[in-house]
Amino acid sequence: MNHRKYDPDFKREAVRMVIEDGLGVREVERSLGITYGVLKGWVQKHRDHQDAAFAGRFAPESPEAELKRLRKENERLQRERDILAV
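Reading the values: the criteria
Residues numbered from 1 in each chain as written. Predicted model: local features only at pLDDT ≥ 70, side-chain atom pairs only at ≥ 80, totals over all residues. Heavy atoms only, no water. Phe/Tyr/Trp six-rings, centres within 6.5 Å; stacked < 30°, edge-to-face > 60°. Buried < 20%, exposed > 50% of the residue type's maximum accessible area, 1.4 Å probe, protein only. Helix = DSSP H or I, 4+ residues; strand = E, 2+ residues; numbered from the N terminus. Axes fitted to C-alpha atoms, helices over the stretch in contact; angles between N-to-C directions. Parallel < 35°, antiparallel > 145°, perpendicular 65-115°, else oblique. Left-handed = near helix turned anticlockwise from the far one by under 90°. Contact = heavy atoms within 4.5 Å. Nonpolar A, V, L, I, M, F, W, Y, C, P; charged D, E, K, R; others polar.

*Asks:* Just to check I follow, could you spell out the packing of aromatic side chains for this structure?
*Replies:* Think of a pair of aromatic rings as described by two things: how far the centres are apart, and how the planes are tilted against each other in angle. Using the criterion set out here, one finds three aromatic pairs in the structure. A centroid spacing of 5.4 Å and a plane angle of 10° characterise the contact between Tyr6 and Phe10, whose relative ring orientation is stacked. Using a relative accessible area of 17% as the deciding quantity, one classes Tyr6 as buried. Note on Phe10 and Trp42: the rings are 6.2 Å apart at their centroids and 85° apart in plane angle, and the pair reads as edge-to-face. Here the residue Phe10 occupies a position in helix 1 (residues 8-19), and Trp42 occupies one in helix 3 (residues 38-49), the gap between them amounting to 32 residues. Through a chain of ring-to-ring contacts, the aromatic side chains of Tyr6, Phe10 and Trp42 assemble into a single cluster.

What follows is the structure, encoded as structure tokens:
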């Protein structure tokens, strides 16, 4: 399987097109020649790590970012628990 490496600036610009310009993920993937699902992963990575998403190695999380991530994870786990309890 051929894994293509993309420049961090290319990734940021593609994510910006989705988040700021409001274009659809599939539309941007097609226009940039990215395979299905790649951009969706980049958008999620950006949401999880903001500015550090494409900086190479992730910068350590700030306490606020860690708290936000843990609260989100906690909510997801509570939903899963509630579904299994039914």
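*Asks:* What is the right way to look at the environment of Arg69 in this model?
*Replies:* Here Arg69 lies in helix 4 (residues 63-85). Looking at Arg69, the relative accessible area reads 35%, which means it is partly exposed. Sequence separation of Arg69 and His49 is 20 residues, and the distance between their C-alpha atoms is 9.3 Å.

*Asks:* Honestly, the packing of helix 2 (residues 25-32) against helix 3 in this entry has me stumped. Any pointers?
*Replies:* Think of two packed helices as two axes; the pair is described by the angle between the axes and how far apart they sit. Here helix 2 crosses helix 3 at 120°, and the two axes come no closer than 9 Å. Our classification of the angle between helix 2 and helix 3 gives oblique. The element helix 2 and its partner helix 3 pack so that their crossing is right-handed. Taking contact as the criterion, the partners of Val25, Val28 and Glu29 in helix 2 are, on helix 3, Val38, Leu39 and Lys40. Of the residues that constitute the contact of helix 2 with helix 3, the class distribution is four nonpolar, no polar and two charged.

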